[in-house]
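In case you want the letters, here they are:
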Amino acid sequence: QVQLVESGGGLVQAGGSLRLSCAASGRTLNSYIMGWFRQAPGKEREFVAGISRNGGSTYYADSVKGRFTISRDNAKNTVYLQMNNLKPEDTAVYYCAVRPYYRGSYYQEKDYDYWGQGTQVTVSS
């Protein structure tokens, strides 16, 4: 079992920045792919960013490329999402998730085994 706890969400004005953190416990994360997803009101949950086991490869949704950066610190069992130049359309509950490295897709929600409880990000215009 892996427990994930997100933090760092909040209210920010358009153009501002936030850094989300996701701390894991229960297992070390260096065998897991990690991802961030988000769900806006009335919409399905969508992929935001993913990162390989050693952090050497990262993947982003087109809507956040150039503005968001995913990173991880395996020594701290933590993954981060730095969000810059935030827009009102980034408003959502953000979730971190993990899946084993040997199967699945970075982009598919169904391939992730463990999820955090989510943290709310609200961007005002």
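Refer to the preceding data block for the structure.
Residues numbered from 1 in each chain as written. Predicted model: local features only at pLDDT ≥ 70, side-chain atom pairs only at ≥ 80, totals over all residues. Heavy atoms only, no water.

J.: Kindly report on the sheet that holds strand E7 (residues 68–73), identifying the contributing residues and their values.
T.: Here we have 4 strands laid out as an open sheet, ordered E1-E3-E8-E7, and antiparallel in their pairing. Sheet topology places strand E1 (3–7) and E7 at the edges, where each strand pairs with a single neighbour. Neighbour-to-neighbour, the strand axes of this sheet turn through a mean angle of 15°, independent of strand direction. Pairing geometry for E1 and strand E3 (residues 18–25), over 5 bridges, is antiparallel. (Pairing = 2+ DSSP bridges. Helix = DSSP H or I, 4+ residues; strand = E, 2+ residues; numbered from the N terminus. Axes fitted to C-alpha atoms, helices over the stretch in contact; angles between N-to-C directions.)

J.: I'd like a rundown of the pairing of E3, residues and numbers included.
T.: Direction of pairing for E3 relative to strand E8 (residues 78–83): antiparallel, over a ladder of 6 bridges. Its bridge partner being in E8, Arg19 is matched across the sheet by Gln82.

J.: Can you tell me about the nonpolar core, naming the residues and giving the values?
T.: Counting residues in each nonpolar core, the largest one holds 37 residues, and the members touching the most others are Trp36, Leu81, Met83 and Tyr94. Listed by contribution, the elements that provide at least two residues to this core are E3, strand E4 (32–39), strand E5 (46–51), E7, E8, strand E9 (92–100) and strand E11 (119–124). In this structure Leu81 touches Leu18, Arg19, Leu20, Trp36, Val48, Ala49, Phe68, Thr69, Ile70 and Tyr94, once residues within four positions along its chain are discounted. (Core = buried A, V, L, I, M, F, W, Y, C linked by side-chain atoms within 4.5 Å. Buried < 20%, exposed > 50% of the residue type's maximum accessible area, 1.4 Å probe, protein only. Contact = heavy atoms within 4.5 Å.)

J.: An account of the state of the cysteines is requested, with residue identities and associated values reported.
T.: Counted according to the given criterion, the structure contains 1 disulfide. In this model Cys22 forms its disulfide with Cys96; the gap between the sulfur atoms is 1.9 Å. Disulfide Cys22 to Cys96: torsion about the S-S bond roughly 50°, handedness right-handed. Residue Cys22 is located in strand E3, and its partner Cys96 is located in strand E9; the two are separated by 74 residues in the primary sequence. Each member of the pair Cys22 and Cys96 is classed as buried. (Disulfide = S-S within 2.5 Å.)

J.: Talk me through the environment of Val79; I want residue IDs and the actual numbers.
T.: Mapped onto the fold, Val79 is located in strand E8. The sequence separation of Val79 and Gly35 amounts to 44 residues, and the corresponding C-alpha distance is 8.5 Å. Contacts of Val79, omitting those with residues within four sequence positions, involve Leu20, Ser21, Cys22, Met34, Trp36, Ile51, Ile70, Ser71 and Arg72.

J.: Would you mind going over the packing of aromatic side chains in detail, with residue names and values included?
T.: If you walk through the whole model with that rule in mind, you get 9 aromatic pairs. Seen in terms of ring centroids, Phe37 and Phe47 are 5.7 Å apart; in terms of plane orientation they differ by 80°. Their pairing is edge-to-face. Within this pair, whereas Phe37 is found in strand E4, its partner Phe47 is found in strand E5, the two being separated by 10 residues in sequence. Overall, Phe37 belongs to the buried group, its relative accessible area being 1%. Here Phe47 falls in the buried class, since its relative accessible area comes to 10%. Pairing Tyr95 with Trp115 gives two aromatic rings, centres 6.5 Å apart and planes at 75°, and the pair type is edge-to-face. Taken together, the residues Tyr95 in strand E9 and Trp115 in strand E10 (residues 114–115) connect sequence positions 20 residues apart. (Phe/Tyr/Trp six-rings, centres within 6.5 Å; stacked < 30°, edge-to-face > 60°.)

J.: Let's hear about the side chain of Asp111: which residues, and what values?
T.: Looking at the element boundaries, Asp111 is found in the loop between E9 and E10. Within the structure, the side chain of Asp111 is placed 3.2 Å from the side chain of Lys110, a separation counted as a polar contact. Setting aside its immediate chain neighbours within four residues, Asp111 contacts Arg99, Arg103, Gly104 and Ser105. (Polar contact = N/O pair within 3.5 Å; in protein donor to acceptor, adjacent residues only side chain to side chain.)

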